[in-house]
Each structure stands twice: as structure tokens, then as C-alpha cells.
Amino acid sequence: MGRGVRHAVVIGAGMAGLAAARVLADSCEAVTVIERDTLPRGSAPRAGAPQGHHVHGLLALGAEVFEGYFPGLRAELEQAGAPVWDWGEGLCAVLPNGTPPPTPMGMPIQTFSRPFLEHALRRRVGALEPVTLRDGLTVTGLRTAGPGKVVGVRVKDGDGDGEEEIAADLVVDASGRSSHLPRWLAALGLPSPRVTTVDAQVGYASRTYSFPEGQAPPSWMGVLQPLRAPDFHKGCYAIQIENKALHVTLHGANGTQLPHDDEDFLAYAKTLRGPIADVIAPLTPTSAVRRYARTVNRRVAYHRLARWPDGLIALGDSVCAFNPAYGQGMTVAALEARLLEQMLRGRRTRTPLDGRVFQQRLARITASSWLMATIPDRAWERSRTAWPVKAGNWFMNRLIDTVPHDPQLYTAFSGLFHMTAGPLTLADPRLLSRVLIGPRPGTSLRAATA
């Protein structure tokens, strides 16, 4: 990287921050990761990532990118107990129009809790020579040299005793949904970026279970029962994770009341189609019921600002946060880190990273994932929906209704879901015609139990 960026500061030690730090460590003399939480020593949820109590999924493309940055990661996690399985064979997808039969796809998936993966990445990143992890610090603002240049950050510790300034050639905001960057930019005299939100009012209730000694786990490795407006307002995700545990997340849209305790949790599960209630009924819970409702899709249009300060970029949920139901967040964070690597590698030795161009390219990376999440979520909103959104939602529903009865289409859709294939996959006339024709005769939608 030469003399362009000697020291980078990354705000946030979540998935996006750790991925960015890993990329920066290849080029910077020093990388400081600042985290507000006091980070746990092992695999445990932390206050700044309350979603860590709920089911997470790393899509196939995200796993591939992380493996490139952390060679041997999959084997390390598997040795520590995180199972690896084929998506088509191991998933029980309880879709509105049926459940696809097991379909070998050659698409390996690994399942684990979010704290388990985050701990592994944090340990790997923290071991890199240029990287220093500083936890228990809150970033209070940007350090600037005039309105057009960021030269570091101001921080204070948990006790609030005074402020410290940390100089940096590049500041990376990866602080997530709680980012204060719009306010910091306003303090520099920059206009407020446009913020777009789409809220399906999805809530989660989750817990983990253990299997009794000697009892075989279910034949499936994961259960997916998605939501869909207006009839299918309840669903679940369940995956087998490390320590031979079962992680179950029940979810509901449009303000559906979620369970609070043991009895409510099982009663809610019994209202769902599919196997989840019968499986968890005899199991021993190993956690309390945890609830979460910060699932609004939120996109900040930093890429449209006419001016952007030098020495600053933003990525992860601080820029574009998705409804976690679609499992895209960690994979998009990996792709954003890859973009950062590409731009750093493509720079002339002494040329600073162009932050405005970075934000513009990042917006293109998030565009398709944003549509995948918001098109179905807009169907829950009470406001009038534009016809392109209605058309997109009709097509996606038609596709999902046809999937249970068409293994080739199921495989193609899985590639789209896991981001290993692009939307043009479905432009193949042979596949497109199957979607437009729809489910085979004799199949019909079954309403979800209310």
C-alpha cells in the first residue's frame, strides 16, 4: 500500500469489521479495530450484537470468500463441531406449495451459531501482526483536517473518563445499525444522505436445545419455513449447530405476537406446518427464549452524496442492513471486504483510496440483495405498491410455488439464494418457461395455520 495508508481504524468488531480488518492487514502497517463491547474470551453472545441469539446462515458464496481470507476455516470449524452438509440433501424446506424432496446439489453448507463463527474470525484477525483489537471503547466522533478530510477518530472508554484521539489515514465505519455516521457527516457540513427503509414488522423468538444422550438427531440438518404476504405470517428456521445442538428461531411478520416462555414457544411451533414442533417437544432447552425485532431493511445512500471526505469509507450494516430472515448479511459483508481488497490492490502506490468511488461500487454490490429482501417485504406494507414491485413479487412467488415439484428449478433457485449464481440464471428459456407455466396440475396452495 506504500505511503497512502499506513494506519487504518475500523469501527466495530462484528462480521463486517473483522472482514475489513483482515483485508487491510495485508497492506497496512497497522490496523486498529475499535469495539464498544467488552469482547468475550470465548464463543458467547455480546450486547452489541443482540441478533447473535438467533439463527444465522452463511450463504455458500460467503463461505467461499471467508475461506479464501481464512484458509482452513471450514475444517477448523468442523473439527470444533460445526456440521457440514449438502444444502439440497439436508434442508427440509417447508414452502407454501409443498416441500421439495431431498435433491443432491453439491452445495456444501456449514451451520453454527453467530458467536461461534465470530469468535473464530476474531481470534484469526487478532493474531495478525498489524492488527490491534481495542474493546470497551466508544467512538464519539471523527477527527478531521478541514471539512474534506478525515484523519482519525475520537474515543472514550466505558467509564467516560476523558477522550482520546487516534490518528489514522483511513477510517472504516463498520459499526452496524447503530452507526452515527450521518450525524458525523452533518458536523462536517455535508448534506444528510437519503435513508430508505422497508419494514415487514418481522420479529424473532429463539432458543437452543440439546439432544438426549443416545438419541439420534433428525434426518434433516435444517428446516426453513419462510414468511409470505398476506397468508403465511408465521414461520421458522432451525439448524443443527456446534456442540450437537439444535438452534430454533420462530418468526412472525406484520406484528404477529411472538412467544415469551417455554409453553408459548412450543405452542407457537405447533401452529406451523412441517416437523419442528414434533422434534423439539421431547428435547431439553439449553437457553431461555430470546426475542428480537430490529429487522427493518435500511439503506443509506452514501453513494449519492456529491461530496465525500477523504480518509473515510463505510460498509456492512452501517450502509445497508437487511431483514435477517434472508440470511444475506454475513455474505454481503464478505463481498464488501473483497471490494475493499480489489480497490486497495488496484491503487497506485501513493494514491489514497477513493472513498466516494468505494461507496458507489458498494451500492452496486448490495443492489441485488436489497431487491431480494425488499420485494417480498414490501408486500407486507399497507401503502400502495408500485407495479414493478408487484411484478417482481408475483414472479418470486410463482418460482417458489413451482420449486417443490421441479428439482432442476430447485437447484437453480438455491444457487440464486446462495449468491453462487446471478438473477440471469432464471433467464434461461427452459427455466423461465417452467416458472411462467407454474406448478404442475393438481398442486395447490395450503394456507398456513394462523
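Figured I'd write up the structure that's included with this text. (Residues numbered from 1 in each chain as written. Predicted model: local features only at pLDDT ≥ 70, side-chain atom pairs only at ≥ 80, totals over all residues. Heavy atoms only, no water.)

**Considering the environment of asparagine 323**
Step number 1: Take asparagine 323: it is sitting in the loop between strand S20 (320-321) and helix H9 (329-345).
Step number 2: Classification of asparagine 323 by relative accessible area gives buried; the value is 1%.
Step number 3: With 57 residues separating them along the chain, asparagine 323 and tryptophan 380 place their C-alpha atoms 13 Å apart.
Step number 4: Excluding its chain neighbours within four sequence positions, the residues that come into contact with asparagine 323 are Arg177, Val202, Tyr204, Thr295, Asn297 and Asp377. (Helix = DSSP H or I, 4+ residues; strand = E, 2+ residues; numbered from the N terminus. Buried < 20%, exposed > 50% of the residue type's maximum accessible area, 1.4 Å probe, protein only. Contact = heavy atoms within 4.5 Å.)

**Considerations on the side chain of threonine 295**
Step number 1: Tracing the sequence through the fold places threonine 295 in the loop between strand S17 (290-292) and strand S18 (297-300).
Step number 2: A relative accessible area of 2% means that threonine 295 is categorised as buried.
Step number 3: Within the structure, threonine 295 has its side chain in polar contact with the backbone oxygen of valine 202 (distance 2.7 Å).
Step number 4: Once residues lying within four places of it in the same chain are set aside, the contact partners of threonine 295 are Arg177, Val202, Tyr204, Asn323 and Pro324. (Polar contact = N/O pair within 3.5 Å; in protein donor to acceptor, adjacent residues only side chain to side chain.)

**A few points about unusual backbone geometry**
Step number 1: In the segment running from alanine 229 into proline 230, the intervening peptide bond is cis, with an omega of -5°.
Step number 2: You can see proline 230 is positioned in the loop between strand S13 (222-225) and strand S14 (234-241).
Step number 3: For glutamine 201, which is not a glycine, the phi torsion comes out positive at approximately 50°.
Step number 4: The residue glutamine 201 is located in the loop between strand S11 (195-198) and strand S12 (203-210) in this model.
Step number 5: For asparagine 243, which is not glycine, the phi dihedral falls at a positive 60°.
Step number 6: Mapped onto the fold, asparagine 243 is located in the loop between S14 and strand S15 (245-252).

**Notes on the state of the cysteines**
Step number 1: Scanning the model with the defined rule gives zero disulfides in all.
Step number 2: With no disulfide of its own, cysteine 236 has cysteine 92 as its nearest cysteine by sulfur position, at a separation of 8.7 Å.
Step number 3: On the accessibility criterion, cysteine 236 (0% relative accessible area) is buried. (Disulfide = S-S within 2.5 Å.)

**A few points about the environment of aspartate 261**
Step number 1: Relative to the elements of secondary structure, aspartate 261 occurs in the loop between S15 and helix H7 (262-270).
Step number 2: Between the C-alpha atoms of aspartate 261 and valine 289, which are 28 residues apart in sequence, the distance is 5.9 Å.
Step number 3: Side-chain polar atoms of aspartate 261 contact the backbone nitrogen of aspartate 264, separated by 2.9 Å.

**A closer look at the pattern of salt bridges**
Step number 1: One pass over the full model with this rule turns up 16 salt bridges.
Step number 2: For glutamate 118, the salt bridge is made with arginine 114, and the minimal N-O distance between the two is 2.9 Å. A residue pair is termed a helical-turn pair when its members lie 3 or 4 positions apart in one helix, as glutamate 118 and arginine 114 do in helix H5 (residues 114-126) at four residues. Residues glutamate 118 and arginine 114 agree in their burial class; the two are buried.
Step number 3: When the shortest N-O distance is used, the salt bridge between arginine 228 and aspartate 401 registers 3.0 Å. Of the two residues, arginine 228 sits in the loop between S13 and S14 while aspartate 401 sits in helix H11 (residues 387-402), which places them 173 residues apart along the sequence. Judged on exposure class, the residue arginine 228 and its partner aspartate 401 are both buried.
Step number 4: Overlapping salt bridges bring together Glu35, Asp37, Arg46, Arg114, Glu118 and Arg122 as one network. (Salt bridge = Lys/Arg side-chain N within 4 Å of Asp/Glu carboxyl O.)

**Thoughts on the packing of aromatic side chains**
Remark: the centre distance and the inter-plane angle together describe each pair of aromatic rings, the angle taken between the planes.
Step number 1: Tallied over the full model, the rule gives six aromatic pairs.
Step number 2: Between tyrosine 302 and tryptophan 308, the ring centres sit 5.4 Å apart and the planes meet at 65°, which makes this aromatic pair edge-to-face. Comparing tyrosine 302 with tryptophan 308 shows no difference in burial state: the two are buried.
Step number 3: Joined through ring pairs, the aromatic side chains of Trp85, Trp87 and Phe417 make up one cluster.
Step number 4: It is arginine 207 that lies over the ring of phenylalanine 265; its NZ or CZ is 5.6 Å from the centre.
Step number 5: The residue whose ring lies beneath lysine 234 is tyrosine 268, and the NZ or CZ to ring-centre distance is 4.6 Å. (Phe/Tyr/Trp six-rings, centres within 6.5 Å; stacked < 30°, edge-to-face > 60°. Lys NZ or Arg CZ within 6 Å of the ring centre and 35° of its normal.)

**Re the sheet that holds strand S8 (residues 150-157)**
Step number 1: If you walk across this open sheet you meet the three strands as S7-S8-S9, and the pairing is antiparallel. Each edge of the sheet is formed by a strand with only one pairing partner; in this case those strands are strand S7 (137-144) and strand S9 (164-167). With direction set aside, neighbouring strand axes in the sheet form an average angle of 30°.
Step number 2: In terms of strand pairing, S8 meets S9 through four bridges, oriented antiparallel. Within S9, the position partnered with glycine 152 by the bridge is alanine 167. (Pairing = 2+ DSSP bridges. Axes fitted to C-alpha atoms, helices over the stretch in contact; angles between N-to-C directions.)

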